[in-house]
Amino acid sequence: MVETPRDILPSFMPDRTSPTPIFEQICAAFRERIRSGALRERARLPATRALAQDLGIARATVVTSYDQLVAEGYLAARRGSGYSVCAMGDVELTPPRTSVSAGDGRERPAMLLAAGQPDMRLFPHRAWAKCVARLCRTRPEDMLIGCGRFGHSELRQAIAAHVRDWRGIDARPEQVLVTSGATEALDICLHALAAPGSTVGVEDPGYPLIRLFAERQGRRVRDLSLDSQGAEVPDPGEETGVVVLTPSHQFPLGGAMSAGRRQAFVLWAAQRQGWIIEDDYDSEFRYAGRPIPAMASVDGLGRTVYIGSFSKIFSNSLRLGYVVAPEGQVAALSQAMRLRGARASAMPQAALAEFMLRGEFYRHLRRVRRLYAERHRHLIEHLRTEFADIGHVVDHQAGMQVVLHLAPHLSDVRITKAARQAGIGVEALSEFCRSALVRGEASNGLVLGACLNDPEEQKAALARLRAVISSTE
Ligand SMILES: Cc1ncc(COP(=O)(O)O)c(C=O)c1O
């Protein structure tokens, strides 16, 4: 049954004098009602127009709120039947603490549409050079010897501020460990948190290096299959004691884990005394609504270790990432860094700290986000119009890649091989998958990079890809 606006938010009135935007006030009111159980699973929400009229606000404001809640996993949107409340699990949690052209033609990666690749032509060379020059002039020693084993102190401060403002994670700079990328951070976390011979849960499909690291370190791997809400939660009675998740943006399929599933994982970790490693490799690239709260903010860094990266914002070759650890795990993670011989290069750290503290980082982030949003939209539109006869895409309005799910008569492996010969770096979905089915569909698809090429380049690359596909049919 569709609830009336007054049933659904009985005492809510927008506060126009508050500094919090009205759409965020609406989101907060819904989150509170859903978490407290006042709005039950599958309850249908009033139409956006009816709620807007009742509250005396613009319909677009209600649409923005609903879209944000869908992205956060509180609501589900179904074409033609409006919005309804998602399953939330039984856990009562504290609310998340969110406070919440292409240039000069140099450095061209060879492969078009390569997944996960930022466009290096957008690297902010001039602003970066200014930061480096300033440091060399004023504090040259900082570039060489001013960096501790676990990161430059100013960079750790800047990262702590970044994750607080963007991801709602409250941590002191001492809880931040700088690594040479999220990949190294994953290796360190597995080493510190999963005992030899223990079992680690990894998403299927997922980032292949996680499985590789776990196996190399002598840990067993348990595949966590995915459904529309996210990864499956292991039973607390099972052996699995550590899980590695991409809750903000599943890799490589896309889509955010539902709020209910996130809560179920937090409950699992509390009951099992297990650990969640949250791989938040590209969360800065959400193109609609506000950032989705990190899992680490939902459980207040209780049993979640958070991993971030600068690879997607700047360059895969900068090789800087970080771990934000619960207080009680800093020593174990630091020790794992020592034992694994992990250490991020000192030189770029001082420059990056300067870059962040002067606001250049956020200027750059705004710019690439705008361009990537345009490219992402263009790629989806083009696939929907020109490739509809051979596959379909789901638009998650986030991330750096898009999956084209292929019709059964096509083979993703055969196509990607032929595409490489034609200079196109798309990847086969099946190569990320252990199971033949993902979210109820055959694991047969192409993972296409949405950010590397501008719309004109995309158009040309997609025409070439289409010809490659025809040649393999
Ligand atoms: C899911 C996932 N995690 C981690 C990484 C690694 O990031 P980094 O380049 O910082 O090592 C990637 C890289 O594409 C990724 O896709």
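Not measured: the values here are computed from a predicted model.

Near the ligand the following residues occur: Gly 181, Ala 182, Thr 183, Tyr 207, Phe 251, Asp 279, Tyr 281, Ser 309, Ser 311, Lys 312 and Arg 319. Ala 182 places a main-chain nitrogen or oxygen 2.7 Å from an oxygen atom of the ligand. Burial of the ligand by the protein chains amounts to 92% of its free accessible area of 400 Å². More than half of the atoms belonging to the ligand lie within 2 Å of the grid points that define the second largest pocket. Across the shell around the ligand, the residue classes break down as four nonpolar, four polar and three charged.

What follows is about the sheet that holds strand β13 (residues 391-393). If you trace the four strands from one edge of the open sheet to the other, you get β13-β14-β18-β15, paired in antiparallel fashion. Pairing within the sheet leaves two strands with one partner each, and these edge strands are β13 and β15 (427-428). Bridge count for β13 against strand β14 (residues 401-406) is three bridges, and the pairing is antiparallel. Bridged to Val 393 within β14 is Leu 404. Sitting on the sheet, helix α14 (residues 360-386) touches β13, β14 and β18 (445-449), and the angle it makes with β14 is about 10°.

Computed from the structure, the largest pocket encloses a volume of approximately 1,500 Å³. Forming the walls of the largest pocket are 43 residues, and the residues nearest its centre are Val 70, Ala 77, Val 394, Asp 395 and His 396. At the level of secondary structure, the elements contributing two or more residues to the lining of the largest pocket comprise α4 (59-71), β1 (75-78), β2 (82-85) and β14. The residue inventory of the lining of the largest pocket, partitioned by class, reads 17 nonpolar, 16 polar and ten charged. By volume, the second largest pocket is sized at about 420 Å³. With three residues, helix α8 (residues 182-193) is the largest single contributor of residues to the lining of the second largest pocket.

Counting buried residues in strand β10 (residues 275-279) gives five out of five residues, a clear majority hidden from the surface. Residues Trp 275, Ile 277 and Asp 279 point to one face of β10 and Ile 276 and Glu 278 to the other, with burial holding for every one of them. Pairing of strand β9 (residues 242-245) with β10, which is carried by four bridges, proceeds in the parallel orientation. In the strand pairing of β10, Val 244 is matched with Ile 277. One ladder, built from four bridges, connects β10 with strand β11 (residues 304-309); its direction is parallel. Each bridged residue has a counterpart across the sheet, and for Glu 278 the counterpart in β11 is Tyr 306.

Tallied over the entire structure, the rule returns 25 salt bridges. The partner of Asp 165 in a salt bridge is Arg 164, and the shortest N-O contact between them spans 3.4 Å. Residue classification places Asp 165 among the partly exposed residues on the basis of a relative accessible area of 39%. Taken together, the shared-partner salt bridges in this structure form one network comprising Arg 134, Arg 139, Asp 142, Glu 154, Glu 354 and Arg 358.

The next subject is the environment of Ala 269. Mapped onto the elements, Ala 269 comes out in helix α10 (residues 259-272). Under the relative-accessibility criterion, Ala 269 is labelled buried at 0%. In the structure, Ala 269 is positioned 142 residues away from Ser 411 in sequence and 39 Å away in space, judged by C-alpha atoms. Non-local contacts of Ala 269, meaning those with residues more than four positions away in its chain, are made with Gly 274, Ile 276 and Arg 303.

Turning our attention to the environment of Ala 160. On the secondary structure map, Ala 160 appears in helix α7 (residues 153-167). Along the chain, Ala 160 and Ala 332 lie 172 residues apart, while their C-alpha atoms are 19 Å from each other. Filtering out sequence-adjacent residues up to four positions away, Ala 160 remains in contact with Ala 171, Arg 172, Pro 173 and Val 176.

What counts and how
- Residues numbered from 1 in each chain as written.
- Predicted model: local features only at pLDDT ≥ 70, side-chain atom pairs only at ≥ 80, totals over all residues.
- Heavy atoms only, no water.
- Near = heavy atom within 4 Å.
- Polar contact = N/O pair within 3.5 Å; in protein donor to acceptor, adjacent residues only side chain to side chain.
- Areas by Shrake-Rupley, 256 points an atom, 1.4 Å probe, with all protein chains shown as cover.
- 1 Å grid on protein atoms, 1.4 Å probe; cavity = no way out; pocket = protein on both sides within 12 Å on 5 of 7 lines; lining within 4 Å.
- Sits in = over half its atoms within 2 Å of the grid points.
- Nonpolar A, V, L, I, M, F, W, Y, C, P; charged D, E, K, R; others polar.
- Pairing = 2+ DSSP bridges.
- Helix = DSSP H or I, 4+ residues; strand = E, 2+ residues; numbered from the N terminus.
- Contact = heavy atoms within 4.5 Å.
- Axes fitted to C-alpha atoms, helices over the stretch in contact; angles between N-to-C directions.
- Points joined across faces, edges and corners; volume = space filled by probe spheres on them.
- Buried < 20%, exposed > 50% of the residue type's maximum accessible area, 1.4 Å probe, protein only.
- Salt bridge = Lys/Arg side-chain N within 4 Å of Asp/Glu carboxyl O.

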